[in-house]
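These are the residues of each chain, in order.
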Amino acid sequence: LPILRATCCEMESVDFIVKPAKEFTRDSIRLIKRCTKPDRNEFGKIAFATSVGFAIMGFIGFFVKLIFIPINNIIVGLN
């Protein structure tokens, strides 16, 4: 039976894959340990900010559509 020996290049290629995976796992575990569930007040602030953002984006979309409908009718009406 031949003895399996890893060459230097093979070990470097394994380290190329294993080292980033270990760092990612370590960083992910650190992140999960630091995360906390938001309390009621913080959740309310986040929900309110998200709702305001949705409303603002909705109004912007509405006004853009409101402006471009007549412009589109003018362009199409010329043909």
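Since the structure is predicted, the reported quantities are computational estimates derived from the model, not experimental observations. (Residues numbered from 1 in each chain as written. Predicted model: local features only at pLDDT ≥ 70, side-chain atom pairs only at ≥ 80, totals over all residues. Heavy atoms only, no water.)

A. Looking closely at the overall build of the protein. Across its full length, the protein holds two helices and zero strands. Here the protein, with 79 residues, has 0% of them falling under the buried criterion. Here the protein displays about 8000 Å² of accessible surface, and carbon together with sulfur accounts for 71% of that area. (Helix = DSSP H or I, 4+ residues; strand = E, 2+ residues; numbered from the N terminus. Buried < 20%, exposed > 50% of the residue type's maximum accessible area, 1.4 Å probe, protein only. Areas by Shrake-Rupley, 256 points an atom, 1.4 Å probe, with all protein chains shown as cover.)

B. Region of the structure containing a nonpolar patch on the surface. Together, Phe48, Val52, Ile56, Met57, Ile60, Val64, Ile67, Phe68, Ile71 and Ile75 give the surface a local cluster of nonpolar side chains, amounting to about 970 Å² of exposed area. Looking at the element boundaries, Ile67 is found in helix H2 (residues 40–78). (Patch = residues over 30% accessible without salt bridge, like charges linked within 9 Å, V, L, I, M, F, W, Y side chains within 5 Å. Salt bridge = Lys/Arg side-chain N within 4 Å of Asp/Glu carboxyl O.)

C. View of the packing of aromatic side chains. Per the stated rule, a full pass over the model turns up two aromatic pairs. Summarising the aromatic geometry, the rings of Phe59 and Phe63 are spaced 6.5 Å apart at their centres and angled 25° between planes, so their arrangement reads as stacked. Note that Phe59 and Phe63 are positioned in helix H2 at a spacing of four residues, about one turn of the helix. Seen from their ring centres, Phe62 and Phe63 are 5.4 Å apart, and the 65° between their planes marks the pair as edge-to-face. You can call Phe62 partly exposed: its relative accessible area is 47%. A relative accessible area of 43% places Phe63 in the partly exposed class. Counting every residue linked through ring pairs, the aromatic cluster contains Phe59, Phe62 and Phe63. (Phe/Tyr/Trp six-rings, centres within 6.5 Å; stacked < 30°, edge-to-face > 60°.)

D. Up close: the pattern of salt bridges. Applying the stated criterion across every chain, the model contains one salt bridge. The salt bridge partner of Arg30 is Asp27, with a shortest N-O separation of 3.6 Å. Of the two residues, Arg30 and Asp27 both sit in helix H1 (residues 8–34), three residues apart, roughly one turn of that helix.

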